[in-house]
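Structural characterization, general
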Amino acid sequence: MIPSWPVDLRSINLINFLFVNLILTVVVLGGLLATIEKHLPTAIRQTFRYGKHALKDTPPDRLVSLLEVPKAWFKHFYIFAALWSVAGFYYMLQAYLTGRPAPDYVINFLDTMATNRRTVRTTPTETMVAMTLITMQCLRRFYETWFVQVFSTKLKINLSAYLVGYIHYFCTIVTILSQAEGFTRAGPIALPTNAYRFEPSLALAIAIGAFFYAWLHQYRANVIMANLRKDRTGRVISQKHSLPTGDYFEVVSSPHMFFEIVMYVVLFGILHRNTSMVYVLLWVVSNQLMNSWLTHQWYIEQFPDYPKQRRALIPYVI
């Protein structure tokens, strides 16, 4: 006799569960670091701090050190992000250009990850725009990490931080499609219909413009930081951290993190009826806020004449 599960696993939203756990982790640990860091065990501090703001004057925890990988491995999950977003874009395009719902195996997968009680909450226009924007972001980040940025060969990150990158992009793409027309078992696109029709609006145009403004300036910030380690010919001559200047670095310590938030605010605005997008946004905001705070503190400690007008994350505010 095969035992039956008292709860259908497909009735549990695994995507929301993962995001909530990520949010709670970064908020709780980040709050502890910001208030009572000196009283925390080295293992916790070492796990959360990495890169240029890793622990320097404290003997490392041996067990945690075994779970550290090169920071340059960040590049790996952008290969995944690029491929995963393109796959999502392909299935979205296939559904909306042919007027047919997504294949059963795609819908079954979404049922498993985001419950079998999903309903349609976003239009094809909203889904297509959001999927196009996130795909362009993933492809650009792939290009940056492999062909623009210069990673230190000495710096490490905790394995958990490395895996979070995969979780973020995996869950974000699933979230966008999970409540879209043609990707649930009920909704306007349940049977073959006419080909997809674009429904433009002023609000959507503003959102797209805001996204591309943030997209462009995040790229500029990453180029500025990469050029600090290169000569005029583009040859890498250093791996040390220097003080970046130019563009939004004049008013904020981490413009790349600020514009990451802006892009996800835009995605949330486009897909605001998708009940899982709020978790995506809260995760991005909490994660970028804590990382930018650590980075800002590091700059202040390393550069005695650090410009006082620079804020940690939001220009003129935070």
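Everything quoted here is computed from the prediction, not taken from an experiment. One numbering rule holds for all chains: residues counted from 1, following each sequence as written. Restriction of local features to residues with pLDDT of at least 70 applies here, the model being predicted, together with a cutoff of 80 or more for giving and counting side-chain atom pairs; totals for whole chains, interfaces and linings are based on all residues. For the side-chain quantities, the full set of heavy atoms in the structure was used; hydrogens and water were omitted.

Quick word on unusual backbone geometry
We count it as follows: Every helix listed is a DSSP run of H or I at least four residues long, and every strand listed is a run of E at least two residues long, numbered separately from the N terminus. With a 1.4 Å probe rolled over the protein chains alone, any residue whose accessible area is under 20% of its type maximum counts as buried; one over 50% counts as exposed, and the rest are partly exposed.
Its identity is not glycine, yet Asp247 carries a phi of approximately 50 degrees, on the positive side. Looking at the element boundaries, Asp247 is found in the loop between helix H8 (202-227) and helix H9 (255-270). Classification of Asp247 by relative accessible area gives partly exposed; the value is 34%. One non-glycine residue, Tyr316, lies in the positive phi region at around 70 degrees. Tracing the backbone through its elements, the reader meets Tyr316 in the segment after helix H10 (277-302).

Digging into the pattern of salt bridges
Applied cut-off: Between Lys or Arg on one side and Asp or Glu on the other, a salt bridge is scored when a side-chain nitrogen of the former is within 4 Å of a carboxyl oxygen of the latter.
This structure, assessed with the given rule, holds nine salt bridges. Residue Arg45 pairs with Glu37 through a salt bridge whose shortest N-O separation is 3.4 Å. Residue Arg45 is classed as buried on the basis of its relative accessible area, which comes to 15%. Look at Glu37 and you get buried, because its relative accessible area is 14%. Residue Asp247 pairs with Arg220 through a salt bridge whose shortest N-O separation is 3.9 Å. One end of the pair, Asp247, is in the loop between H8 and H9; the other, Arg220, is in helix H8, with 27 residues separating them in the sequence.

Observations concerning the packing of helix H4 (residues 74-98) against helix H6 (residues 124-147)
This is how it is decided: Where helices are involved, their axes are fitted lines through C-alpha atoms of the stretch in contact, as for all axes, and angles between N-to-C directions lie from 0 to 180°. For classification, angles of less than 35 degrees are called roughly parallel, those exceeding 145 degrees roughly antiparallel, those between 65 and 115 degrees roughly perpendicular, and all remaining angles oblique. What makes a crossing left-handed is the near helix being turned counterclockwise from the far one by less than a right angle; a clockwise turn instead makes it right-handed. Three classes are used, and their members are as follows: Ala, Val, Leu, Ile, Met, Phe, Trp, Tyr, Cys and Pro are nonpolar, Asp, Glu, Lys and Arg are charged, and the others, Gly among them, are polar.
For the pair H4 and H6, the least separation of the axes is 8 Å and the interaxial angle reads 155 degrees. Comparing the axis directions of H4 and H6 gives the class roughly antiparallel. Judged by the sense of rotation from one axis to the other, the crossing of H4 with H6 is left-handed. A per-class count over the contact of H4 with H6 returns 16 nonpolar, seven polar and two charged.

Describing the UniProt feature "domain: 3-oxo-5-alpha-steroid 4-dehydrogenase C-terminal" (unreviewed entry) in the protein
Rules: UniProt positions are given in the numbering used here, feature names are shortened, and annotations may be inferred rather than shown by experiment.
In the numbering used here, UniProt assigns the "domain: 3-oxo-5-alpha-steroid 4-dehydrogenase C-terminal" (unreviewed entry) feature to residues 198-317. Its end C-alpha atoms 38 Å apart, residues 198-317 is made of 57% helix and 0% strand.

Quick notes on the environment of Arg273
Convention followed: Contact between two residues is taken to exist if any of their heavy atoms lie within 4.5 Å; hydrogens are not considered.
Mapped onto the secondary structure, Arg273 falls in the loop between H9 and H10. C-alpha of Arg273 to C-alpha of Ala81: the two residues are 192 residues apart in sequence and 24 Å apart in space. With residues near it in sequence (within four places) discarded, Arg273 still touches Arg121, Thr123, Glu126 and Gln179.

Concerning the packing of H6 against H8
Packed helices, taken two at a time, are described by the angle between their axes plus the distance between the axes. Where H6 meets H8, the closest approach of the two axes is 11 Å, and the angle between their N-to-C directions is 5 degrees. The orientation of H6 relative to H8 falls into the category roughly parallel. Contacts from Thr125, Val129, Leu133, Met136, Gln137, Arg140, Arg141, Tyr143 and Glu144 of H6 reach H8 at Leu204, Ile208, Phe211, Phe212, Trp215, Gln218, Tyr219 and Asn222. Partitioned by chemical class, the residues of the contact of H6 with H8 number 10 nonpolar, four polar and three charged.

Topic: the nonpolar core
The criterion, for reference: To define a nonpolar core, start from buried Ala, Val, Leu, Ile, Met, Phe, Trp, Tyr and Cys residues and group those joined through side-chain atoms within 4.5 Å.
One finds Ile134, Phe183, Tyr264, Leu267 and Ile270 to be the most contacted residues of the largest nonpolar core, which totals 64 residues. Looking at this core, the elements with two or more residues in it are helix H1 (14-36), H4, helix H5 (104-114), H6, helix H7 (159-178), H8, H9 and H10. Ignoring anything within four residues of it in the chain, the contact list for Tyr264 reads Ile134, His168, Tyr169, Thr172, Val280, Leu281 and Val284.

Here we look at the side chain of Asp111
For clarity, the cut-off: Any N or O atom pair separated by 3.5 Å or less is treated as a polar contact, with the protein-specific requirement of one donor-capable and one acceptor-capable atom, and with residues adjacent in sequence counted only for side-chain atom pairs.
When you line up the elements, Asp111 lands in helix H5. Judged by relative accessible area, which is 2%, Asp111 ranks as buried. Polar side-chain contacts of Asp111 include one of 2.7 Å to the side chain of Arg118.

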